[in-house]
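Below, each chain spelled out in residue letters.
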Amino acid sequence: MAEPHQVPVLVIGGGPAGMAAARAARRGGRRVVLVEASDDLGGQYWRHLPAERPAAREDLLHHGWHWFRRMRDDLLRDPGCDVVLGGHVWSVDRRDGRPPLVHVLVGAPDGAGRLPRAYEPTALVLATGAHERTLPFPGWDLPGVFTAGAAQALAKGERIAVGRRVLVAGSGPFLLPVASSLVRTGALVAGVLEAAGPGQLARGWGSRPWRLLAAQAKAGELAGYVRDLAAYRIPYRTAAAVVAAHGTDRVEAVTVARLTPDWRPVPGSERRIVVDAVCAGHGFVPRTELAIAAGCALRADGSVRVDDGQRSSVPGVLIAGELTGIGGVDLAVAEGLVAGSVAAGRTPPPAAVRGRAVFREFAARLAAAHAIRPGWQSWVDDRTVVCRCEDVTAGELRSVAALTGSRGLRSLKLTTRAALGLCQGRTCGRSMEEILGPAGLLDAGRTAHRPLAIPLRLGELAASTVVGEDVR
Amino acid sequence: MPPPDGPFRPADDPIRPAPAGTVRIEVAGEPVQGVAGQTIAGILLAGGRLAWRRSRTGRPRGVFCGIGVCFDCLVVVNGLRDVRACQRRAADGDRVEFQEDDRG
């Protein structure tokens, strides 16, 4: 076993929450190691062109870009902060009453011969963020159907538009920046479809709207995207969804439909639209595998439970950002500042504590206004693939549910192979839980248990358990 | 604002990226040129390729999530299987092949 590095504060994740946590812990005087899987800081939110291709006006695609650059440069220049880029955490070993040992492989994504490192932190901050959730629909596995996040990542990180004529659909405010990025990358956006209807949106946003004033920065960001919709004449419809994608080897058209308040397609409202790409996203799911592996208690909705100091149920393990519930960048930064301060044994900055309260309120509204409604399952016919890795259809899942009654996830996986593929249920897990939920088969969050956080090569697994002077 | 039905030329790009170098790789035996710093998925998409893998039952797969979560976009790089094309930046001389043997 490689000798573990002792480190006062270890932060996992170099997005907004992790960067803020690292800064706050440094201000508190502690030495920090910040581990980030990609080759730059910023996370998905501040994803940008690589160093080989600097852009003069990167700020046009980002909110808070200059603030990000300042924070990033501070961290990279700070000799007390060791930023480990290309650091892939693959496992954590629980220890009673203190933070776990953290095992990292450093090198290219999915590369061979990455260098193993182990850390023994006094305080561990997990800021692993979230990934997108896309509800399945017939044809959603055709090439040309992307998550909204993929469109965003390719636009920001590569200046590639996923199509020429693109439909953006799903739920939540994230669809708006995606449409903005697409038009600034040369695509024509045929429309933005929000599944939530006017009633659902008003209930979320309309009750106590004065509280929104406190979250002005966020409201201002959204207003900018709404201006883009008008400037580029992008139709925006609520209570509408893509209910099927058509094509043989790629998307050629989609069927869109009006939805009831419960998200059931209204019969007779279907319309066919010619597009060459669809970007679909229905909110985000916290990436909880490391928190779960560390033993942190979850809430019923699958997010990680924390106290006022961002402490999890495991001593010395703090949580910041989307892991505690989807809330966006401002909440992530506020939580990061609190977590980093507490990790350094300091009192959190009062402004961060106040900001956190305001942005949590905002997040609660988002959750209510755009929450997934169960009617989506009625557009999923039995032939629709749910698990993309193993091609398990909704029909197979439903018949297993009908035949076997209430049984565990393990037997379900072995019967259908669902969630046994390389993505380990990240893509389909929540949808599977909802399809099987009424049969009592799966509770929320059950598919998020993953013993290995990332797929490993066997050689690396062997090497990482061997003592080696060169790897320290 | 670029013409919506024309190609997106660097000159139209509002964020004004600096002129970038090139990266030369081999895709299924053919020489392919990309922009320095691009991922393998980026080079494939920019070349008009949307799918390069088949699922277990033979359905075409390419990029879906774009952030390394879904594992749809796997390729073989320099003989090593199961590399996420959306996560791996292309390096000069990389040999990229398509993995066709995922079918069960």
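The next subject is helix α3 (residues 148-158) of chain A. Structurally, the α-helix is built with 3.6 residues per turn, so residues lying three or four positions apart point the same way. In terms of burial, α3 of chain A is largely enclosed, as 11 of its 11 residues are buried. Taken together, the buried positions of α3 of chain A are occupied by Ala 148, Gly 149, Ala 150, Ala 151, Gln 152, Ala 153, Leu 154, Ala 155, Lys 156, Gly 157 and Glu 158 of chain A. Buried residues along α3 of chain A sit in contact with β7 (130-132), β8 (145-147), α4 (175-183) and β15 (277-281) of chain A together with α1 (40-46) of chain B. Arg 159 of chain A sits one or two residues past α3 of chain A and shows a positive phi near 60°.

Let us look at the interface of chain B and chain A. If you look at the interface, chain B gives 51 residues, while chain A gives 56 residues. Here chain B and chain A share an interface that buries about 4,600 Å² over both sides, 57% of which is from carbon and sulfur atoms. On the chain B side of the interface with chain A, the three residues burying the most area are Ile 15, Leu 50 and Phe 64 of chain B, jointly 17% of the side's total. Counting across the chain B and chain A interface gives 8 salt bridges. Salt-bridge contacts for Arg 89 of chain B lead to Asp 39 of chain A; the nearest nitrogen and oxygen are separated by 2.7 Å. Taken together, the links from chain B to chain A amount to 20 residue pairs in polar contact (both at pLDDT 80 or more).

Once that is clear, we can look at the domain arrangement of chain A. Residues and elements named next belong to chain A. Taken as a whole, chain A is organised into domain 1 (5-131 + 285-367), domain 2 (134-282) and domain 3 (374-448). Every contact between the two is made by 14 residues of domain 2 and, on the other side, 13 residues of domain 3. Here domain 2 meets domain 3 over a buried area of about 1,300 Å², counting both sides, of which 63% is carbon and sulfur. Put simply, domain 2 and domain 3 have 0 salt bridges between them. Of the residues contributing to the side of domain 2 that touches domain 3, the split by class is 10 nonpolar, 1 polar and 3 charged.

Residue and element names in this part refer to chain B. Read across the open sheet, the 5 strands follow the order β2-β1-β7-β5-β6; overall the sheet is mixed. Pairing within the sheet leaves two strands with one partner each, and these edge strands are β2 (30-35) and β6 (80-84). Each strand axis lies, on average, 40° off the axis of its neighbour in the sheet, ignoring direction. Judged from the 6 bridges that link them, strand β1 (residues 22-27) and β2 form a sheet pairing that is antiparallel. Opposite Val 23, over in β2, you have Gly 34 as the bridge partner.

Moving on, we come to the confidence of the model for chain A. Where the model shows low pLDDT, its predicted coordinates should not be examined in detail. Of the residues in chain A, 91% reach a pLDDT of 70 or more, and the chain-wide mean stands at 90. Low pLDDT, under 50, characterises residues 466-472 of chain A; the predicted model gives this stretch 9 contacts beyond four residues in sequence or across chains.

Tallied over the entire structure, the rule returns 6 aromatic pairs over all chains. Seen in terms of ring centroids, Trp 65 of chain A and Phe 68 of chain A are 5.1 Å apart; in terms of plane orientation they differ by 45°. Their pairing is tilted. Pair noted here: Trp 65 of chain A and Phe 68 of chain A are both in helix α2 (residues 65-77), with a separation of 3 residues, about one helical turn. The burial state of Trp 65 of chain A is the same as that of Phe 68 of chain A; both residues are buried. Three or more aromatic residues joined by ring pairs form one cluster here, namely Tyr 45, Trp 46, Trp 65, Trp 67 and Phe 68 of chain A. It is Arg 388 of chain A that lies over the ring of Trp 140 of chain A; its NZ or CZ is 4.8 Å from the centre. Note that Arg 388 of chain A overlies the ring of Phe 64 of chain B, its terminal NZ or CZ placed 3.6 Å from the centroid.

Residues and elements named next belong to chain A. In contact at an axis separation of 9 Å, α3 and α4 are set at 40° when each is read in the N-to-C sense. When the interaxial angle is binned, α3 and α4 end up oblique. Crossing handedness for the pair α3 and α4: left-handed. Here α3 contributes Ala 148, Ala 151, Gln 152, Ala 155 and Lys 156 to the contact with α4, which in turn contributes Leu 175, Pro 177, Val 178, Ser 181 and Leu 182. Class assignment of the residues belonging to the contact of α3 with α4 gives a composition of 7 nonpolar, 2 polar and 1 charged.

Residue and element names in this part refer to chain A. Sheet architecture is open: 3 strands sit in the order β12-β13-β14, paired in antiparallel fashion. At either end of the open sheet lies a strand with only one pairing partner, and these are β12 (240-246) and β14 (271-274). The average undirected angle you get between the axes of adjacent strands in this sheet is 35°. Bridging between β12 and strand β13 (residues 253-258) involves 6 bridges; their strand directions are antiparallel. By the bridge assignment, His 246 is partnered in β13 with Ala 253.

Moving on, we get to helix α10 (residues 350-370) of chain A. Across its 21 residues, α10 of chain A extends 30 Å between first and last C-alpha, which sits within 8% of the 30 Å expected from 1.5 Å per residue. For α10 of chain A, the full list of buried residues reads Ala 352, Gly 355, Arg 356, Phe 359, Glu 361, Phe 362, Ala 363, Arg 365, Leu 366, Ala 369 and His 370 of chain A.

Residues and elements named next belong to chain A. Here Cys 81 shows up in strand β3 (residues 81-85). Take Cys 81: its relative accessible area is 6%, and that puts it in the buried class. In this structure the C-alpha to C-alpha distance between Cys 81 and Val 266, which are 185 residues apart in sequence, comes to 55 Å. Among residues more than four places away in sequence, those in contact with Cys 81 are Arg 26, Val 32, Leu 34 and Leu 75.

Quick look at the packing of helix α5 (residues 198-206) of chain A against α10 of chain A now. Residues and elements named next belong to chain A. Where α5 meets α10, the closest approach of the two axes is 7 Å, and the angle between their N-to-C directions is 170°. When the axis of α5 is compared with that of α10, the two are roughly antiparallel. Across the interface between the two elements, Gln 200, Leu 201, Gly 204, Trp 205 and Gly 206 of α5 pack against Phe 362, Arg 365, Leu 366, Ala 368, Ala 369 and His 370 of α10. Residues of the contact of α5 with α10, tallied by class, amount to 6 nonpolar, 4 polar and 1 charged.

So, how was this worked out
- Residue positions within a chain follow its written sequence, with the count starting from 1.
- Lettering for chains starts from A, numbering for ligands starts from 1, and both go in the order in which the items are written.
- For this predicted model, a pLDDT threshold of at least 70 governs which residues receive local features, and a threshold of 80 or more governs which side-chain atom pairs are given and counted, while totals over whole chains, interfaces and linings are taken from all residues.
- The basis for every side-chain value is the complete set of heavy atoms in the structure, and neither hydrogens nor water enter the calculation.
- Only protein chains enter the calculation, and the probe is 1.4 Å; a residue is then buried if its accessible area is under 20% of its type maximum, exposed if over 50%, and partly exposed in between.
- Strands here mean DSSP runs of E at least two residues long; helices mean DSSP runs of H or I at least four residues long; both are numbered from the N terminus.
- Contacts are assigned to residue pairs with any non-hydrogen atoms lying within 4.5 Å of each other.
- Buried area, as used here, totals the accessible surface that two parts lose on assembly, with accessibility defined by a 1.4 Å probe and the loss added over both.
- Here, a salt bridge means any side-chain nitrogen of Lys or Arg that lies within 4 Å of a carboxyl oxygen of Asp or Glu.
- As used in this structure description, the phrase polar contact means that two N or O atoms lie within 3.5 Å; if the pair is within protein, one of them must be able to donate a hydrogen and the other to accept it, and residues adjacent in sequence are counted only when both atoms belong to side chains.
- Bear in mind that the domain bounds are from an automatic or database domain assignment.
- In this count, Pro and Cys sit with the nonpolar residues alongside Ala, Val, Leu, Ile, Met, Phe, Trp and Tyr, while Asp, Glu, Lys and Arg are called charged and the others, Gly among them, polar.
- We treat two strands as partners when DSSP finds at least two bridges between them.
- Angles run from 0 to 180 degrees between N-to-C directions of axes, and those axes are lines fitted to C-alpha atoms, restricted for helices to the stretch in contact.
- On a scale of 0 to 100, pLDDT captures the predictor's confidence in every residue.
- Any two of the Phe, Tyr and Trp rings considered here, Trp counted by its six-membered ring, make a pair once their centres fall within 6.5 Å; the pair's planes then place it as stacked at under 30 degrees, edge-to-face at over 60, or tilted in between.
- For a ring to carry a charge above it, either NZ of a lysine or CZ of an arginine must fall within 6 Å of the ring centroid while also lying within 35 degrees of the normal to the ring plane.
- In what follows, roughly perpendicular refers to angles from 65 to 115 degrees, roughly parallel to angles under 35, roughly antiparallel to angles over 145, and oblique to any angle outside these ranges.
- Handedness of a crossing follows from how the near helix is turned relative to the far one, being left-handed for an anticlockwise turn of less than a right angle and right-handed for a clockwise one.
- What a helix is expected to span follows from its residue count: subtract one and scale by 1.5 Å.

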